[in-house]
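A look at the structure
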Amino acid sequence: MSLLKRVAPFIIISLLYGCAGKKLPDIVWPLPPDPPKIRFVKSFAGSGQFKGLNVSDIFLGIEPVGGAFIKPHGVHADQHDRIFVTDTGAGLVIVLDPTKNKVSMVGASGRTLFAKPIGVTSDKDGNVYVTDSAKDLVFVFDGNDQFVTAFGREGEFKQPTGLAVDNARGLLYVTDTHKHQIFVLNKKTGEIIKTIGKRGKLEGEFNFPAYITLDKKGNLYVVDIMNGRMQVFDPEGRFLRTWGRLGDGPGQFARPKGVAIDSEGHIYVVDAAFNNVQMFNEDGQMLMAFGEYGEGRSQQILPAGIAIDSEDRIYLVDQWNARVNVYEYMGEKYKARQGKKNP
């Protein structure tokens, strides 16, 4: 019997019908007297023992008990705010839909296709793209999460990891960590249009790049891991700017991982060495950091992927604790939600 058939019923049952616990006090950053900008909401799918997650409670601030993931890595929020989580331990991509109170699997029509799913993203048509760094492929699924095709069958990729879709230009960006390049593909055909970068330390060069994201203008943000920096390119692939360097001070990077951008243009970069998230403005100026090392609320160990949904809720994968921590940026969208609760 395949791993998917053995674990999927336990995942779905535990996710849908787990018990929730008591309401806990808020944790915010920065600390008073400064006005708070980031609030910890909750964690879900904690310990990997397939116990307890009530999907309808995800955004209610109620702590769940137990968990479902084995080794989560990447996370993505699609246009409908469905949450996709890649699990390298289980070889699965789990989809949580809080609106429909539903949990499903990408491509869950039998034996899982994945060996080591890393990155996951989607386009405006609902198609889902998943990198598999063991099979060196990018899997493509339709709006019903059913398998369509795979890019990279000719051996183009050596270790595909990060993904980003430019809907306006019909492009799919794929990071190849071991080739130290970003591949730019036609998102429908998989044809390689061009590559960005090569191995090196100069501007526009990479040393084990991984996570990527796009801003509203179509500019590409690349986490250049071993160079300890963020690099930004325009939609044509031209280098724009860089910030950060290897180090352990504010605004520096020791082990940078996931990157995401909120609705107001703030850039969030995960650091697995600091066990936190640093927040920057568009010019690369550090604004603040949040989160810390540990197993408790608002803490994480070896964080990896990060995603931000349409309401500026922040999803941070906590690999060691086998869970996803949920935060929210307390900007205009947060204020609008609070206004609806307290008219």
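Residues numbered from 1 in each chain as written. Predicted model: local features only at pLDDT ≥ 70, side-chain atom pairs only at ≥ 80, totals over all residues. Heavy atoms only, no water.

**Things to note about the overall build of the chain**
- Counting secondary structure elements, the chain contains 2 helices and 29 strands.
- A sequence separation of at least 24 residues applies to 44% of the contacts in the chain between residues at least 6 apart.
- With the model as given, the accessible surface of the chain reaches about 14,700 Å², and the carbon-plus-sulfur share is 51%. (Helix = DSSP H or I, 4+ residues; strand = E, 2+ residues; numbered from the N terminus. Contact = heavy atoms within 4.5 Å. Areas by Shrake-Rupley, 256 points an atom, 1.4 Å probe, with all protein chains shown as cover.)

**Details of the nonpolar core**
- Judged by nonpolar contacts, the single largest core of 18 residues is most densely connected at Phe 44, Val 75, Ile 83, Val 85, Ile 94, Tyr 315 and Val 324.
- Counting only elements with at least two residues in this core, the list comes to β3 (38–44), β5 (72–77), β6 (83–87), β7 (92–97), β8 (102–105), β28 (313–318) and β29 (323–329).
- If you look at the next biggest cluster of nonpolar residues, it comprises 16 residues, including Ala 260, Val 277, Ile 306 and Ile 314. (Core = buried A, V, L, I, M, F, W, Y, C linked by side-chain atoms within 4.5 Å. Buried < 20%, exposed > 50% of the residue type's maximum accessible area, 1.4 Å probe, protein only.)

**Some words on the packing of aromatic side chains**
- Considering all chains together, one arrives at 16 aromatic pairs under this definition.
- On the numbers, 5.4 Å between centres and 70° between planes, the contact of Phe 40 with Tyr 327 is edge-to-face. Residue Phe 40 is located in strand β3, and its partner Tyr 327 is located in strand β29; the two are separated by 287 residues in the primary sequence. Pair check on accessibility: Phe 40 and Tyr 327 agree, each one buried.
- With a centroid separation of 6.5 Å and an interplanar angle of 65°, the aromatic rings of Tyr 221 and Trp 243 are classed as edge-to-face. (Phe/Tyr/Trp six-rings, centres within 6.5 Å; stacked < 30°, edge-to-face > 60°.)

**Here's the deal with the confidence of the model for the chain**
- Chain-level statistics for the chain give a pLDDT mean of 88 and a share of 86% at 70 or above.
- Every residue in residues 1–20 is under pLDDT 50, and counting partners more than four places away or in other chains gives 51 contacts.
- Here residues 46–67 is modelled with pLDDT under 50, and outside its nearest four sequence neighbours on either side it reaches 88 contacts, counting other chains as well. (pLDDT = per-residue confidence, 0-100.)

**Topic: the sheet that holds β29**
- Across the sheet, which stays open at both edges, the 5 strands sit in the order β2-β3-β29-β28-β27 with antiparallel pairing between neighbours. What marks the edges here is a single partner per strand, and that holds for β2 (27–29) and β27 (303–308). In this sheet, neighbouring strand axes are inclined to one another by 30° on average, regardless of whether the strands run parallel or antiparallel.
- Two strands pair when backbone bridges link them, and β28 and β29 are joined in this way by 6 bridges, in the antiparallel orientation. Residue pairing in the sheet places Ile 314 in a bridge with Tyr 327 of β29. (Pairing = 2+ DSSP bridges. Axes fitted to C-alpha atoms, helices over the stretch in contact; angles between N-to-C directions.)

**Considerations on unusual backbone geometry**
- A cis amide bond links Trp 29 to the next residue, Pro 30, at an omega of -15°.
- Relative to the elements of secondary structure, Pro 30 occurs in the loop between β2 and β3.
- Here the residue pair Pro 32 and Pro 33 is connected by a cis peptide bond, since its omega of 15° sits within 30 degrees of zero.
- With respect to the element layout, Pro 33 can be found in the loop between β2 and β3.

**Digging into the sheet that holds strand β17 (residues 209–214)**
- The sheet built from 4 strands is open, its strands ordered β17-β18-β19-β20 with antiparallel pairing. At either end of the open sheet lies a strand with only one pairing partner, and these are β17 and β20 (239–243). Neighbouring strand axes in the sheet, compared pairwise and without regard to direction, differ in orientation by 20° on average.
- Note that strand β19 (residues 229–233) and β20 share 4 bridges and pair antiparallel. Counterpart to Met 230 in the pairing with β20 is Trp 243.

**Focus: the environment of Val 269**
- Note on placement: Val 269 falls in strand β22 (residues 267–271).
- Val 269 gets classed as buried once you look at its relative accessible area, which sits at 1%.
- Along the chain, Val 269 and Lys 257 lie 12 residues apart, while their C-alpha atoms are 6.8 Å from each other.
- When residues no more than four places from it in sequence are discounted, the contact partners of Val 269 are Met 230, Phe 253, Pro 256, Gly 258, Val 259, Asn 276, Val 277, Gln 278 and Phe 280.

**A few points about the pattern of salt bridges**
- By the definition in use, this model includes 16 salt bridges.
- A salt bridge links Arg 313 to Asp 309, with the shortest nitrogen-to-oxygen separation between them at 2.9 Å. Both residues of the pair, Arg 313 and Asp 309, belong to the buried class.
- Ionic pairing is found between Glu 311 and Arg 337, a salt bridge with its closest N-O pair at 3.0 Å. With a gap of 26 residues between them, Glu 311 in the loop between β27 and β28 and Arg 337 in helix α2 (residues 332–341) connect regions that are remote in the sequence.
- One salt-bridge network, in which partners are shared between bridges, spans Asp 26, Arg 39, Glu 311, Glu 328 and Arg 337. (Salt bridge = Lys/Arg side-chain N within 4 Å of Asp/Glu carboxyl O.)

**Some words on the environment of Thr 121**
- In this structure, Thr 121 sits in strand β9 (residues 117–122).
- Judged by relative accessible area, Thr 121 falls into the buried class, the value being 8%.
- Each C-alpha atom, one on Thr 121 and one on Val 140, is 10.0 Å from the other, the two residues being 19 residues apart in sequence.

**A closer look at the environment of Asp 132**
- Counting through the fold element by element, Asp 132 comes out in strand β10 (residues 128–132).
- We classify Asp 132 as buried; its relative accessible area is 0%.
- Once residues lying within four places of it in the same chain are set aside, the contact partners of Asp 132 are Leu 113, Phe 114, Ala 115, Lys 116, Pro 117, Leu 137, Phe 139 and Pro 160.
- Only 3.1 Å separates the side chain of Asp 132 from the backbone nitrogen of Lys 116, close enough to count as a polar contact. (Polar contact = N/O pair within 3.5 Å; in protein donor to acceptor, adjacent residues only side chain to side chain.)

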